[in-house]
Amino acid sequence: MVEIEIDGQKVEVAEGSMVMHAADAAGKYIPHFCYHKKLSIAANCRMCLVDIEKAPKAMPACATPVTQGMIVRTTSDKAVKAQQSVMEFLLINHPLDCPICDQGGECQLQDLAVGYGASSSRYEEEKRVVFHKNVGPLISMEEMSRCIHCTRCVRFGQEVSGIMELGMVNRGEHAEITTVVGDMVDSELSGNMIDICPVGALTSKPFRYSARTWELSRRKSVSPHDSTGANLIVQVKNNKVMRVVPFENDAVNECWIADRDRFSYEALNGEERLTAPMIKQGGQWLEVSWQAALEYVANGIKSVQRDHGASAVGALVSPHSTLEELFLAGELVRSLGSQNVDYRLRNADFAKAEGVRWLGRSIASLSDLNTALIVGSNVRKEHPLFAQRIRQAARKGAVVTAIQSKAFDLAMPLAHQVVTPAAQWAYALSSVAAAIAQSKGVEAPNNAGTVTPESIEIARALQNGEQKAILLGNAVAHHAQASTLLSIANWIGAQTGATVGFLTEAANTVGAQWVGAVPQAHGMHAGEMLAGGVKAAILLNCEPAFDTAAGSQALQGCEMVVSLSPFKANMDIADVLLPIAPFTETSGSFVNAEGRVQSFHAVVKPLGDTRPGWKVLRVLGNLLEVPGMAFDSSQDVLAVATGSQGQVPAELLSNSTKTNMAVSAPAGQEPVVASIYQLDGIVRRAPSLQMTADARQSSEVVAA
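Remember, predicted model here, so these are calculated numbers, not experimental data.

With that settled, the discussion passes to the overall build of the chain. Along the chain, the regular secondary structure elements total 22 helices and 27 strands. For 704 residues, the compact-globule estimate of 2.2 N^0.38 gives 27 Å, and the C-alpha radius of gyration of the chain, at 28 Å, lies within 12% of that figure. Taking the principal axes of its C-alpha atoms as reference, the chain extends roughly 90 × 70 × 50 Å. Buried residues in the chain amount to 60% of all 704 residues. For the chain, the share of sequence-separated contacts (at least 6 apart) that also reach a separation of at least 24 residues comes to 70%. Taken as a whole, the chain presents about 27500 Å² of accessible surface, with 50% of it coming from carbon and sulfur. In the chain, 60 side chains carry a positive charge and 71 a negative one; their mean positions are 3 Å apart.

Our next topic: the side chain of Ser 431. With respect to the secondary-structure elements, Ser 431 resides in helix α11 (residues 425-440). Looking at Ser 431, the relative accessible area reads 5%, which means it is buried.

This brings us to the packing of aromatic side chains. The description of an aromatic ring pair uses the distance of the two centres, along with the angle that the planes make with each other. A complete count under the given rule lists two aromatic pairs for this structure. The ring of Phe 207 carries the charged tip of Arg 243 above its face, separated from the ring centre by 4.3 Å.

Further remarks concern the sheet that holds strand β11 (residues 217-222). Spatially, three strands are ordered β11-β12-β13 in an open sheet, and the strand pairing comes out antiparallel. A single partner strand is all that each edge strand has here, and the edge strands are β11 and β13 (240-246). The sheet shows a mean angle of 35° between the axes of neighbouring strands, taken without regard to direction. In the sheet, strand β12 (residues 231-237) pairs with β13 via six bridges, with the strands oriented antiparallel. Across the sheet, the residue bridging to Val 236 is Val 241, located in β13.

Right, let's get into the pairing of strand β19 (residues 399-404). Of all six residues in β19, five are buried; the element is thus mostly enclosed. Judged from the five bridges that link them, strand β18 (residues 371-375) and β19 form a sheet pairing that is parallel. Residue pairing in the sheet places Ile 374 in a bridge with Ala 402 of β19. Of the pairings in the sheet, the one linking β19 to strand β20 (residues 416-419) comprises four bridges and is parallel in character. Each residue of the ladder has a partner; that of Gln 404, found in β20, is Val 419.

Listing the buried residues of helix α3 (residues 108-116) in full gives Leu 109, Leu 112 and Tyr 116. End-on view of α3: buried residues confined to an arc of 70°, all on one side of the axis. Among the exposed residues of α3, those pointing more than 90 degrees away from its buried face are Asp 111 and Val 114. Contacts from the buried residues of α3 go to α2 (77-92).

Reading across the sheet, the five strands line up as β2-β1-β5-β3-β4 and stay open at both edges, with mixed pairing between neighbours. Because the sheet does not close on itself, it has two edges, and the strands there are β2 (9-13) and β4 (59-60). Note: strand β1 (residues 2-6) against strand β5 (residues 71-73), two bridges, orientation parallel. Following the sheet pairing, Ile 6 is matched in β5 by Val 72.

Enumeration according to the criterion identifies 32 salt bridges in this entry. One salt bridge in this structure joins Glu 53 and Arg 73, with 2.9 Å as the shortest N-O distance. Placement of the pair is Glu 53 in the loop between β3 (49-52) and β4 and Arg 73 in strand β5, with a sequence separation of 20 residues. Overall, the relative accessible area of 35% leaves Glu 53 in the partly exposed class. Using a relative accessible area of 32% as the deciding quantity, one classes Arg 73 as partly exposed.

Reading the values: the criteria
Residues numbered from 1 in each chain as written. Predicted model: local features only at pLDDT ≥ 70, side-chain atom pairs only at ≥ 80, totals over all residues. Heavy atoms only, no water. Helix = DSSP H or I, 4+ residues; strand = E, 2+ residues; numbered from the N terminus. Rg over C-alpha atoms; globule rule 2.2 N^0.38 Å. Buried < 20%, exposed > 50% of the residue type's maximum accessible area, 1.4 Å probe, protein only. Contact = heavy atoms within 4.5 Å. Areas by Shrake-Rupley, 256 points an atom, 1.4 Å probe, with all protein chains shown as cover. Lys, Arg positive; Asp, Glu negative; His and termini not counted. Charge placed at Lys NZ, Arg CZ, Asp CG, Glu CD. Phe/Tyr/Trp six-rings, centres within 6.5 Å; stacked < 30°, edge-to-face > 60°. Lys NZ or Arg CZ within 6 Å of the ring centre and 35° of its normal. Pairing = 2+ DSSP bridges. Axes fitted to C-alpha atoms, helices over the stretch in contact; angles between N-to-C directions. Arc of directions from axis to C-beta. Salt bridge = Lys/Arg side-chain N within 4 Å of Asp/Glu carboxyl O.

See below:
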């Protein structure tokens, strides 16, 4: 540690830290633009100039290392005059358009200009103009004359997202930020450039000119999409979601969110929202009251029970639903005498899990990995924030290897990659096991694959370093040989000291297992229900045509199909549509990949006659005379479902399996994995996301 003095205050910081870090530790604010705690130091804005004793001129605080006994003055006459001079230069070419700028009210330049700028400009020459650029549906670069060349967006692309979409071209007063890889800026993390831009050069295109920042209420929430459980600030005006930005949580999402977390809110205000219960009569959809719709459902389910028995009723529940909704759906079905409830909509292997399958380690620890083996995951697109953390580990020297069906561009260096059809993954993974057995002189698993040069290199990587992880992707979870793959991965993990975990697909994949949204005893799993095993189907946030491996065709033979969704979904197969609230209009909880329970409240009132899903299930349970459904709040449901625990109990978290490791004949069918903007009903209906390159590519693949 090194002790220095800042404005008369002694502070200790680690050797190698910069003056800016010492100021942060001392609670002193030094004005800056280019410095960002999650990015490398550029020192090109010069706004953080400070007075350091014995230095002949003011020095940049962000790029000056501390030394023992250093004396720093941040508010001396020398420091303030240097900062004022820098501000004058920054404002020379800056347009005077604060009244029409979307950044107005939350602009770093605006704030610092008040403190360090002059009341009038001495500059009388013509201002420099940079022509606008159209870079896609997410980010607006219409006013690049505002850019102060802090290069935060450039460094973000290089260091965090792994793809340098923006760069600086030309020199001097001709320098400008522009696209360098293509004409579009719409990669899976690109929206974070909007947040880190300190001026109004990069703004949100969907939000553009729709509200002023001071008109917005700010409310915390949690993302309902992938298993990161990203913490959000939802900004609201007139009971309408206007914008979504990240809420900083270093243990979960740091200060970043994926674009689907940021822009999916457009669907919540879209034309496809269902705002009243509807019943299909004579092939026509009619709006009815809640009482009429729920009585129709209750009578239909009772009729199926009477004619076909309780086991003819089943529920297909989406793991994007809240924990409370998943718990009540399971309780409802089981109380009717059926065990047919399942969240594993895209799975092909339905073997009973020994415990709650999870990531196998904390999310934050992904940033500190020394070695990672990724199996069956385009992690960059499926879990952008996990990929970002693994990318940071790779930048620090971690060895990242992969077994995939395609050579995915993960935007990080891959030391070794085995590209083979999904049907051959068990052989490829067992080949790694054989290589480990060979190097350690132990007995290899049954039917272990032939050792190859690639498997030797992957085995060697897994035997080096302290922090090691085998990460199984969505394609492994949905694979016909999922249990076998997990069994082999566990053997490798035990031999090398690596953790084994599932990246887990959805916001509540872990939560659904915890609260029992899986069939018990002789209940039918999702595959059997989708093959026509039930006569009455309850679809909770589930659209079989998009969310399942089998599709919706078999459900057309059901006597009663009830769709609980915020959208006009399943209209071809459903008999009743019940409008339930999306995550912004209901309270609830999500459990992320590491088992962390995160609860949230509604941020806006439900649209039209929409009702929270847990309330709909509770009332439906009352009409069906189900005992124990008298809950007054979602918190009451959560307390019963989880025992008021804020984390999945450690003794329940387990990726162990009793499946034999013997590699059988390969299955021929590729596992079903949702593409980045087809994951759930909300992202599928977000217009701006559907105009991105990723969405277009996935629709072209489907069409082909």
